[in-house]
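What follows is each chain in one-letter form.
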Amino acid sequence: MKLGLIFIGFFSLLFICVPIGFSLGIISLLAKVIYPNLPANAEFVFRHMVSAVDTYPIVAVPLFILSGIIMARGGVSLKLFDVFAYFAGNRTGGLPTAVTITCLFYGAISGSAPATTAAVGAMTIPILVSMGYEKVFVTSLVATAGSLGVIIPPSIPLIIYGLSSGQSVGSLFIAGIIPGIVVGLSIILVSYIYCRLKGEDKEKLNENSLRLRSKGFLNIFKDSFWALLTPVIILGGIYGGIVTPTEAANISVVYSLIISLFIYKSLTIRDLPGILREAVKITAPILIVVSTATVFGRVLTLLQAPQIIANTITAVFHTKFSLLIVINIFLLFVGMIMDTTAAILILTPILLPVITRFGINPIHFGVIMVVNLAIAFVTPPVGLNLYVASSISGLPVTRIANKALPFIGAFIIALMLITYVPVVSLYLLK
Amino acid sequence: MRKILIWFDRHIEEMILMILLSLMVIVVVVQVFMRYVMNNSLSWPEEITRYFFVWFTFIGMSYCISNNSNVKIDMIVNALPEKLQKVVLFIVDVFILLFFLYLGMHGLSALQKISISGQQSPALGIPMKYVFASLEAGIGLGIIRIIQSMIKRTGLLAGRSASNGTEEGGTI
């Protein structure tokens, strides 16, 4: 089958380490060789590579990356953590819970999972270790909870999915809120059980909680107020329909600059070139993939590949239930070996006709896809969160991955809930 | 002179990208300000931001080759013996070079057609050839970068240490 030839060619290129962006470009050009009648010639590829990135919503990607870096360098994650640590006090599992909630809030500032892991992990791992928690436990907790960065809006994968599926990015963002909280709760539950079984160093916890309480809640709150307000502004703006996601991204850049330059004074103007440089370094590799993956998607559509694949799948699976199971397993597997952006851009045009045929809401499906790929951030071999967490804590990736297994289990249970109960994602949209 | 050339070699794409990103931020700030403070929705900021972004993407393509930060699956290649690894990575460079040459050639004729059609952007009247030229420019820079990479891999510049080990790719 000729279509199979295209995919075999694509995977051969990938596995000999041709960058994903170029593999997609090369295979889009080669499709014409396999199908001589295909209207997608080299000029078509050229024009569509440009028009693929000539869209406004995607501008939110570099902007959210930029604001995430500003917040991280400005030390916002620590300010958030202080508030939740205050409430946690000396309760069982209190501080690990505070870490997860910090990730939830930080996820509402950052659109990226590794960035959330880095920002929250760098600040909280040393604190929790000094409170007597096992380092590998804390590290695996942060690595898993960091994935909330891409589920809680803003989310770069959700922007990419919106782009590829033609769904509104604003609606996708809103749909991500409750699933993010559900995943957060499942992680909190696991860490609570762990602390209950393992016990904690109550003496140190009491000391810490007394120290925070002596500061007085108002002082801590005053210090964290501007950090806590960030998600309110971003989510409120989008949820209230006041701003588009791109504008919200920009507001968050300006807002984070103002609070770190003038209020917290944790940054100076001289830090800005370094921040821009880092944003460029993180953004550039994503964009070429967006460009060529979109072209590849158009080529596949011209070949009617999505219909052919949809027909094959519907011939084998007859119920929504079994289809979703298979898609979930497939997505988890793909997420393990492939970059998130590329996976979304390649799979969305293929899977969208299938799921609409089964009556699954495309917004709900976007959330399912992103939660799946979020889990893949904590699974080897290419789970980026693991590598980030490993570089922060100095622990080997495999140890963190092993310790993260119970968290991943809880994550998967939350995924099942999100998959089979659409209202979890769609409730806020009504 | 030599110093300037070395600086250009290391930082030219990075510099352009940093400027483009700053421009995007500034233009969107202007737009948000005009819309919410002055109550005046402008149509040109969105358009110009998109075109900055298009240029960002394709200059970024060359940038990623120069600092070896493209997203790739290197598990299998990393498992190969070192000599074989080098051969495979050289072949990958050849593939990318051929891709650039073929696409660039046809890109030129596409660009010519767009130029003749005189197509302009709706809000600002920018000739569309300047938008599509971004990919051609990215390919041009990319060809230089990929040839540099091939020279390094074959060890022709043996004096400089081969510091092109696999760096972590995009972190998103």
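Residues numbered from 1 in each chain as written. Chains lettered and ligands numbered in written order. Predicted model: local features only at pLDDT ≥ 70, side-chain atom pairs only at ≥ 80, totals over all residues. Heavy atoms only, no water.

Engineer: It is not clear to me how the overall build of chain B should be interpreted in this structure. Could you clarify?
Structural biologist: Of the regular secondary structure elements, chain B holds five helices and zero strands. For 172 residues, the compact-globule estimate of 2.2 N^0.38 gives 16 Å, and chain B exceeds it by more than 25% at 20 Å. Taking the contacts inside chain B whose residues are at least 6 apart along the sequence as the reference set, 74% of them involve residues at least 24 apart. Accessible surface computed for chain B: about 9,200 Å², of which carbon and sulfur atoms make up 66%. Side chains of chain B give 14 positive and 11 negative charges; the mean places of these two sets differ by 6 Å. (Helix = DSSP H or I, 4+ residues; strand = E, 2+ residues; numbered from the N terminus. Rg over C-alpha atoms; globule rule 2.2 N^0.38 Å. Contact = heavy atoms within 4.5 Å. Areas by Shrake-Rupley, 256 points an atom, 1.4 Å probe, with all protein chains shown as cover. Lys, Arg positive; Asp, Glu negative; His and termini not counted. Charge placed at Lys NZ, Arg CZ, Asp CG, Glu CD.)

Engineer: Help me understand the overall build of chain A, please; the structure alone is not making it clear to me.
Structural biologist: Helix and strand counts for chain A come out as 23 helices and zero strands. Computed over C-alpha atoms, the radius of gyration of chain A comes to 22 Å, within 12% of the 22 Å expected from 2.2 N^0.38 for 430 residues, which places it in the range of a compact globule. If one aligns the C-alpha atoms of chain A with their principal axes, the spans along those axes are about 75 × 50 × 45 Å. For chain A, with 430 residues in total, the buried portion stands at 62%. Taking as baseline every contact in chain A between residues at least 6 positions apart, the subset at least 24 positions apart corresponds to 81%. (Buried < 20%, exposed > 50% of the residue type's maximum accessible area, 1.4 Å probe, protein only.)

Engineer: Help me understand the packing of aromatic side chains, please; the structure alone is not making it clear to me.
Structural biologist: Describing an aromatic ring pair means giving the distance of the ring centres and the angle of the ring planes. All names here are of chain A. What the rule picks out here adds up to 19 aromatic pairs over all chains. Ring centres 5.2 Å apart and planes at 80° place the aromatic pair Phe 225 and Trp 226 in the edge-to-face group. Owing to a relative accessible area of 31%, Trp 226 belongs among the partly exposed residues under this scheme. In this structure an aromatic cluster arises from ring pairing among Tyr 86, Phe 87, Phe 217, Phe 221, Phe 225 and Trp 226. Positioned above the aromatic ring of Tyr 264, the side-chain terminus of Lys 79 is 4.4 Å from the ring centre. Sitting above the plane of the Tyr 86 ring, Arg 213 keeps its charged end 5.0 Å from the centroid. (Phe/Tyr/Trp six-rings, centres within 6.5 Å; stacked < 30°, edge-to-face > 60°. Lys NZ or Arg CZ within 6 Å of the ring centre and 35° of its normal.)

Engineer: What exactly am I supposed to notice about the interface of chain A and chain B here?
Structural biologist: For interface size, the figure often reported is the accessible area lost on association. On the chain B side, the residues contacting the 60 residues of chain A number 63 residues. Summed over both partners, the interface of chain A with chain B buries about 5,800 Å², with 78% contributed by carbon and sulfur atoms. Of all residues in chain A, Phe 22, Phe 46 and Tyr 56 of chain A bury the most surface against chain B, accounting for 13% of the area lost on that side. Joining chain A to chain B, the criterion identifies four salt bridges. Glu 14 of chain B is the salt-bridge partner of Arg 277 of chain A, the closest N and O atoms lying 3.2 Å from each other. Looking at the side of chain A that touches chain B, the elements with two or more residues in it are α1 (2-15), α2 (20-34), α3 (42-53), α4 (60-73), α14 (245-263) and α15 (272-302) of chain A. Top element by residues in the side of chain A that touches chain B is α15 of chain A. It accounts for 15 residues. (Buried area = accessible area lost by both parts, 1.4 Å probe. Salt bridge = Lys/Arg side-chain N within 4 Å of Asp/Glu carboxyl O.)

Engineer: Explanation requested: the side chain of Ser 77 of chain A in the structure shown.
Structural biologist: Mapped onto the elements, Ser 77 of chain A comes out in helix α5 (residues 76-88). Once residues within four sequence positions are removed from consideration, Ser 77 of chain A is found in contact with Thr 102, Tyr 106, Ala 119, Val 120 and Met 123 of chain A.

Engineer: Before we go on, may I ask you to explain the state of the cysteines in this structure?
Structural biologist: A covalent bond between the sulfur atoms of two cysteines is what we call a disulfide. This structure, assessed with the given rule, holds zero disulfides over all chains. Cysteine Cys 195 of chain A remains unbridged, with the sulfur of Cys 103 of chain A as its closest cysteine sulfur at 15 Å. In this structure Cys 64 of chain B is a free cysteine whose sulfur lies 14 Å from that of Cys 17 of chain A, the closest cysteine sulfur available. Residue Cys 64 of chain B is classed as buried on the basis of its relative accessible area of 1%. (Disulfide = S-S within 2.5 Å.)

Engineer: It is not clear to me how the confidence of the model for chain B should be interpreted in this structure. Could you clarify?
Structural biologist: As a note on interpretation, predicted positions should not be read in detail where pLDDT is low. Residues and elements named next belong to chain B. Summary statistics for chain B give a mean pLDDT of 86 and a share of 90% for residues scoring 70 or more. At the level of individual helices and strands, chain B shows its lowest average pLDDT in helix α3 (residues 75-78), which scores 86, and its highest in helix α2 (residues 44-66), which scores 95. Every residue in residues 159-172 is under pLDDT 50, and counting partners more than four places away or in other chains gives 30 contacts. Here the prediction assigns the complex a pTM of 0.87, and the interface score ipTM is 0.88. (pLDDT = per-residue confidence, 0-100.)

Engineer: Looking at this model, I keep getting lost on helix α19 (residues 362-376) of chain A. Mind explaining?
Structural biologist: Given 3.6 residues to a turn, an α-helix orients residues that are three or four positions apart in the same direction. Along its 15 residues, α19 of chain A runs 21 Å from first to last C-alpha, staying within 8% of the 21 Å computed at 1.5 Å per residue. Looking at where α19 of chain A begins, the residue whose side-chain oxygen comes 2.7 Å from the main-chain nitrogen of Ile 363 of chain A is Asn 361 of chain A. (Expected span 1.5 Å × (residues − 1). Polar contact = N/O pair within 3.5 Å; in protein donor to acceptor, adjacent residues only side chain to side chain.)

Engineer: What is the right way to read the environment of Asn 250 of chain A from this model?
Structural biologist: As for its position among the elements, Asn 250 of chain A is in helix α14. A relative accessible area of 2% means that Asn 250 of chain A is categorised as buried. Separated by 190 residues in sequence, Asn 250 of chain A and Ala 60 of chain A place their C-alpha atoms 7.5 Å apart. Discounting residues that sit within four places of it in the chain, Asn 250 of chain A has contacts with Leu 63 of chain A together with Val 25, Val 28 and Val 29 of chain B.

Engineer: Would you mind showing me how to read α2 of chain B here?
Structural biologist: All names here are of chain B. For α2, with 23 residues, the first-to-last C-alpha span of 33 Å sits near the 33 Å given by 1.5 Å per residue. Most pronounced at Gly 60, the bend in α2 amounts to some 25°. With 19 of its 23 residues buried, α2 lies for the most part within the structure. Once α2 ends, the next one or two residues include Asn 68, with phi positive near 55°. (Bend = angle between axes of the 7 residues up to and from the residue.)

Engineer: Please clarify how the packing of α14 of chain A against helix α1 (residues 2-36) of chain B should be interpreted in this entry.
Structural biologist: The description of two helices packed together rests on the angle between their axes and the distance between the axes. The contact between α14 of chain A and α1 of chain B brings their axes to 10 Å, and the two run at 105°. Classed by the angle they form, the pair α14 of chain A and α1 of chain B counts as roughly perpendicular. On the side of α14 of chain A, the interface is formed by Glu 247, Asn 250, Ile 251, Val 253 and Val 254 of chain A, while α1 of chain B contributes Val 25, Val 28, Val 29, Gln 31, Val 32, Arg 35 and Tyr 36 of chain B. Per-class residue counts for the contact of α14 of chain A with α1 of chain B are eight nonpolar, two polar and two charged. (Axes fitted to C-alpha atoms, helices over the stretch in contact; angles between N-to-C directions. Parallel < 35°, antiparallel > 145°, perpendicular 65-115°, else oblique. Nonpolar A, V, L, I, M, F, W, Y, C, P; charged D, E, K, R; others polar.)

Engineer: I keep staring at the environment of Leu 272 of chain A and nothing clicks. Help me out?
Structural biologist: Among the secondary structure elements, Leu 272 of chain A is positioned in helix α15. For the pair formed by Leu 272 of chain A and Gly 25 of chain A, sequence separation is 247 residues and the distance between their alpha carbons is 34 Å.

Engineer: What's the story with a nonpolar patch on the surface in this structure? I'm lost.
Structural biologist: Residues and elements named next belong to chain B. On the surface, Ile 4, Trp 7, Phe 8, Met 15, Ile 19, Leu 23, Ile 26, Val 30, Trp 44 and Leu 124 cluster together into a nonpolar patch covering about 870 Å² of accessible area. Broken down by element, the residue count for the nonpolar patch peaks at eight residues, all from α1. If you trace the backbone, Phe 8 turns up in helix α1. Using a relative accessible area of 41% as the deciding quantity, one classes Phe 8 as partly exposed. (Patch = residues over 30% accessible without salt bridge, like charges linked within 9 Å, V, L, I, M, F, W, Y side chains within 5 Å.)

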